[in-house]
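Spelled out from the first residue to the last, the chains are:
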Amino acid sequence: MDKKSEGYVIVDGVKTPINGHKNLLEVIRASGVDLPTFCYHSELSVYGACRMCIAEIEGRGVQPTCSTPPEDGMVVRTNTEAAMRIRRMSLELMLANHHGNCQTCDKNTHCRLQELAERLGVKKVRFEEPEADVVPVDESNQSIVRDPNKCILCGDCVRMCKEIQGIGVLDFAGRGSNARVTSAFGKGLNQVECVYCGQCAAVCPTGALTVKSVLDQVWKAIHDKNKTVVVQIAPAVRAAIAQEYGIPSGEQAMGKIVTALRRIGFDYVYDTSFTADLTTVEEATEFLGRVAEGKNLPQFTSCCPAWVKFAEQFYPDYLENLSTCKSPQQMFGSLVKKYHAEKLGVPREDIYVVSVMPCTAKKFEAKRPEFSVNNDPDVNAVLSSQELIRMIGQSGIKLADLPLDSMDLPFGFKTGAGVIFGASGGVAEAVLRMAATTEGSHGHTPEFHEVRGLDGLKEASITLDGKEIKLAVVSGLANARNVLDKIKAGEVHYDIVEIMACRGGCIGGGGQPLPNDMEAREERKNMIYDCDAVQSLHNAADNPFVKELYATLLEKPNSHIAHELLHTHYYPRKRIDGQPVELSPAKPEEKIPVQVCVGTNCYLRGSYDTLKKLIEAAKQAGVADKLDFKATFCFEKCVSSPNVQVDGKIYGSVTPDKAEEFFKETIKPVIESQEKVEA
Amino acid sequence: MAQATAASEKESRASRRFEKIQAIVEQYGAAESALIPILQKVQEEYRYLPEEILTFVATALNLPPATVYGVATFYAQFSLEPKGKYIVRVCDGTACHVRKNQTLISTVKEWLGLKEGQSTTEDMRYTLEIVSCIGACALAPAVVINGKVHGQMTPEKVTKALEELEAAEKAEDK
Ligand code: SF4
Ligand code: SF4
Ligand code: SF4
Ligand code: FES
Ligand code: FES
Ligand code: FES
């Protein structure tokens, strides 16, 4: 222990050990005083801007404690006149720039701004600003609503997205009274590289970032007599609900949720853990096939839609390595619609599938066009855990007092392996359990504790048929970036990699109730493994209804029909929407458009030089004025980069050394044929 | 034929500008620390920071576009709106304000034909900027036209300065 982390601080007269804490704030909190904060999160870097955590340090005056290292012998007073005055003044200033109405705000009763205004006794705002400054709310996407009018500039979302998720969608812009937190160029989140993980909303202390709700649509479907409304509950939801209502276990919480959902009017209540079991069987089979062929390894998991979108945007070269398995949510949607339509005779369009998910990205996933049949989505609406809590509240049902009920069959039956999907390491462990157990054995299922827990990177290895299989479990996309870059550089080697966007896995999803910090996640994780322990089976391959499904419909894992229903594909995605760079401004309508991609993947493979060479070749040939050159950003064909589009058609692999040849063999003939038409 | 030459002249100007940006990126190295000098050069070339060029810079430097946008909006020297060839800055610091700079602002606006909320003329030749103290308080009210400070301005004097600029440009064209 270094000197600084030893010794004592006197907090309001109480001698408090430093105990290794990195900042004074933690020491003060340990002493029993809950100093308020907006911009401090133990897992993010220290920003020190909100001035809520200030205290008077003897000899130094009033200081923010979150950015002050504790020192032995420090004497601190948290509630001196000056500290209280400054704290309240800072809060009043925030409120002055804040346009919102608590009654209609999504964060009502969970808002730190509201809570602290109450706690610090701010009764009126002295510097109210005119309503004229109200700016538009971003509702461009399925997952997150961004209302800048409620932003207090704490920067929590900025650091979350940059430091933990490694993306940097949001940042500060402008300065002084014009300072704001925004996406690039103020674009909607659907036009930038946001993966909809919702982690920003999980740390935002106000209603500036919230989960987009579709609760009204779900109520409407329930009230519609013609609809059969089917609901699936994701593994991580039970832990969050247990926590929220003070129910001792996730298993009991689940029993009460079933009772509540039936009362509310859902026709069938199922468990996403069932399709998690199915995912395990499909994904393990796929993996063993790849190992046998030595192809597309490492295999990456594909359950997390935020990770999938991240890969599509930032690692298009690895899309072949993603498991082709749909996520459990989407497997459920396509299976259940088929099953209810065929076995129960309900027309597909009258089946309304609702998911209850810990996740905001699942809302986006359900809307991906490939997950629908004739414009009818496999999953109609995705509710977050937060919305489920609201729904229960709206219905007046007292959840904690309800009796337990069990799920409908067959899609309500799961093994423990399906439940642990809710925590980071769960998918990996489910696959390991299956691989390490001989098929059909009802004996002991091995456990893999090394892949459990909230650490951002965990590793394990097992021996299969005398061959060592190396495995990594990653959560947090900054960690994923790190691991991918190392794989790319050949510094590490894995055979299978589980990636979840949210730290700790889905238990910490962006749709989970607040607080959603690491402490809450730790407790939820424990509940998930307790849930696993009380199931009768622990190996996905032992799930009798999964077996039956193969016998009656799916034939065998990775069969043709399984592929049709349970597998999918991915495509490169651009990171930002925008206009190309115009390089030939005069009269473009009479010219043949030639667009060279300078998006990241193409740029890294020399597309800039391709562009330069093409322009040069056009000049040499004296046809520069017949071509309308543009530098553009991503045709979403990154795998074949660098890409060039001539007269609407995209050509791949136009590396600089092939540019001249490409000009002669592709561009020139287009010019000539156009000239012929004109003549 | 003369027309064709003029067109291809314009052509190469557009691609030459873009080439310069890439050359600057290569010169400074694709590092975050080079962002500000790179943006300065971009602004020199384009007279403002076009969105698509900022996206290109973000790509080349491997930075999130929001970071580049953040820096571009933080410094007063950068503009994300296209600017005219000539910049007319009317000082609105305290000293100039009390010496009736408002009549100067309205004179310039009227002379340039700027509508409410518009700061650049449609032909992209002039941009009017209202700035805070430029450090020439002794000469208040002050106007900076094309980088040159004009002190103790009156509506007549500012009009005359603009007319002279116009005449000089015409002479140059010939
Ligand atoms: S949802 Fe995730 S990716 Fe999008 S801005 Fe928030 S933290 Fe960043
Ligand atoms: S959006 Fe929320 S988290 Fe982000 S800076 Fe504003 S108040 Fe803080
Ligand atoms: S880790 Fe889970 S909750 Fe988080 S984005 Fe991925 S699927 Fe959603
Ligand atoms: S929490 Fe310390 S300044 Fe915000
Ligand atoms: S970067 Fe995606 S196609 Fe060029
Ligand atoms: S106030 Fe105008 S120059 Fe100082």
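Residues numbered from 1 in each chain as written. Chains lettered and ligands numbered in written order. Predicted model: local features only at pLDDT ≥ 70, side-chain atom pairs only at ≥ 80, totals over all residues. Heavy atoms only, no water.

**Details of the interface of chain A and chain B**
Alright, step 1. At the junction of the two partners, chain A supplies 43 residues and chain B supplies 28 residues.
Alright, step 2. Buried surface at the junction of chain A and chain B, summed over both partners, amounts to about 2800 Å²; 65% is from carbon and sulfur atoms.
Alright, step 3. Our enumeration of links across chain A and chain B arrives at 1 salt bridge.
Alright, step 4. Note that Glu51 of chain B and Lys187 of chain A form a salt bridge whose closest N and O atoms lie 2.7 Å from each other.
Alright, step 5. Where chain A packs against chain B, one counts 6 residue pairs in polar contact (both at pLDDT 80 or more).
Alright, step 6. Across the side of chain A that touches chain B, the residue classes tally to 21 nonpolar, 10 polar and 12 charged. (Contact = heavy atoms within 4.5 Å. Buried area = accessible area lost by both parts, 1.4 Å probe. Salt bridge = Lys/Arg side-chain N within 4 Å of Asp/Glu carboxyl O. Polar contact = N/O pair within 3.5 Å; in protein donor to acceptor, adjacent residues only side chain to side chain. Nonpolar A, V, L, I, M, F, W, Y, C, P; charged D, E, K, R; others polar.)

**What about the side chain of His567 of chain A?**
All names here are of chain A.
Alright, step 1. By secondary structure assignment, the location of His567 is in the loop between helix 19 (560-566) and strand 20 (581-582).
Alright, step 2. Relative accessible area serves as the criterion here: at 8%, His567 is assigned to the buried category.
Alright, step 3. Side chain to side chain, His567 and Thr324 meet in a polar contact 2.6 Å long.
Alright, step 4. Apart from the residues lying within four places of it in its own chain, the contact partners of His567 are Glu282, Thr324, Cys325, Lys326, Asn558 and Ala562. (Helix = DSSP H or I, 4+ residues; strand = E, 2+ residues; numbered from the N terminus. Buried < 20%, exposed > 50% of the residue type's maximum accessible area, 1.4 Å probe, protein only.)

**With respect to the pairing of strand 17 (residues 457-464) of chain A**
Alright, step 1. Residues Lys458, Ala460, Ile462 and Leu464 of chain A line the buried face of strand 17 of chain A, whereas the alternating positions Leu457, Glu459, Ser461 and Thr463 of chain A sit on a face that is not buried.
Alright, step 2. Joining the antiparallel neighbours strand 17 of chain A and strand 18 (residues 467-475) of chain A is a turn of 2 residues, in which Asp465 of chain A adopts a positive phi near 50°. (Pairing = 2+ DSSP bridges.)

**Some details on the site of ligand 2**
Alright, step 1. Of all residues adjacent to ligand 2, which total 13 residues, the nearest are Cys151, Cys154, Gly155, Cys157 and Cys204 of chain A.
Alright, step 2. Its residues assigned to classes, the shell around ligand 2 shows 10 nonpolar, 2 polar and 1 charged. (Near = heavy atom within 4 Å.)

**Brief notes about the environment of Leu120 of chain A**
Residues and elements named next belong to chain A.
Alright, step 1. Turning to its location among the elements, Leu120 is positioned in the loop between helix 3 (112-119) and strand 6 (144-146).
Alright, step 2. Residue class for Leu120 comes out buried when judged on its relative accessible area of 16%.
Alright, step 3. Remark: the alpha-carbon pair of Leu120 and Arg88, spanning 32 residues in sequence, is separated by 6.5 Å.
Alright, step 4. What Leu120 contacts, discounting residues up to four positions off in sequence, is Met52, Arg87, Arg88 and Leu91.

**Here's the deal with helix 13 (residues 385-395) of chain A**
Alright, step 1. Taken as a whole, helix 13 of chain A has its buried residues at Ser385, Gln386, Glu387, Leu388, Ile389, Met391 and Ile392 of chain A.
Alright, step 2. Just past helix 13 of chain A, the residue Gly396 of chain A takes up positive phi, approximately 80°.

**Overview of the environment of Phe413 of chain A**
All names here are of chain A.
Alright, step 1. With respect to the secondary-structure elements, Phe413 resides in the loop between helix 13 and helix 14 (416-419).
Alright, step 2. Classification of Phe413 by relative accessible area gives partly exposed; the value is 22%.
Alright, step 3. Spatially, the C-alpha atom of Phe413 lies 29 Å from that of Ile462, the residues being 49 residues apart in sequence.
Alright, step 4. When residues no more than four places from it in sequence are discounted, the contact partners of Phe413 are Phe274, Ser536, Leu537, Asn543, Pro544 and Phe545.

**Details of the nonpolar core**
Alright, step 1. Residues Phe266 and Trp307 of chain A together with Phe18 of chain B are the most contacted members of the largest nonpolar core, which totals 202 residues.
Alright, step 2. Excluding residues within four positions of it along the chain, Trp307 of chain A makes contact with Phe300, Thr301, Leu322, Leu477, Leu484, Ile499 and Ala501 of chain A.
Alright, step 3. One finds Tyr86, Tyr126, Val158 and Ala161 of chain B within the second-largest nonpolar core, a separate group that totals 17 residues. (Core = buried A, V, L, I, M, F, W, Y, C linked by side-chain atoms within 4.5 Å.)

**Topic: the domain arrangement of chain A**
Residues and elements named next belong to chain A.
Alright, step 1. The domain architecture assigned to chain A consists of domain 1 (2-79), domain 2 (93-211), domain 3 (215-284 + 295-393 + 410-540) and domain 4 (581-678).
Alright, step 2. For the pair domain 2 and domain 3, the summed buried surface comes to about 1900 Å²; carbon and sulfur atoms form 57% of the total.
Alright, step 3. When the buried area of domain 2 at its contact with domain 3 is split by residue, Gln142, Val195 and Val211 rank highest and sum to 28% of it.
Alright, step 4. Note that Arg390 and Asp106 form a salt bridge whose closest N and O atoms lie 3.4 Å from each other.
Alright, step 5. In this assembly, domain 2 and domain 3 are joined by 16 residue pairs in polar contact (both at pLDDT 80 or more).
Alright, step 6. Elements with a minimum of two residues in the side of domain 2 that touches domain 3: helix 4 (156-164) and helix 5 (199-203). (Domains from an automatic or database assignment.)

**Re the confidence of the model for chain B**
Alright, step 1. Confidence in the prediction for chain B averages 87 pLDDT; 92% of positions are at 70 or higher.
Alright, step 2. In the model output, the complex is listed with pTM 0.91 alongside ipTM 0.92. (pLDDT = per-residue confidence, 0-100.)

**A closer look at the packing of aromatic side chains**
Alright, step 1. Tallying each qualifying case throughout the model produces 24 aromatic pairs over all chains.
Alright, step 2. With a centroid separation of 5.1 Å and 80° between ring planes, the pair formed by Phe74 of chain B and Tyr75 of chain B is classed as edge-to-face.
Alright, step 3. These aromatic residues form a ring-pair network of at least three members: Tyr268, Tyr270, Phe274, Phe332, Tyr339 and Phe411 of chain A.
Alright, step 4. Between Arg175 of chain A and the ring centre of Phe74 of chain B, over which it is positioned, the NZ or CZ distance is 4.3 Å. (Phe/Tyr/Trp six-rings, centres within 6.5 Å; stacked < 30°, edge-to-face > 60°. Lys NZ or Arg CZ within 6 Å of the ring centre and 35° of its normal.)

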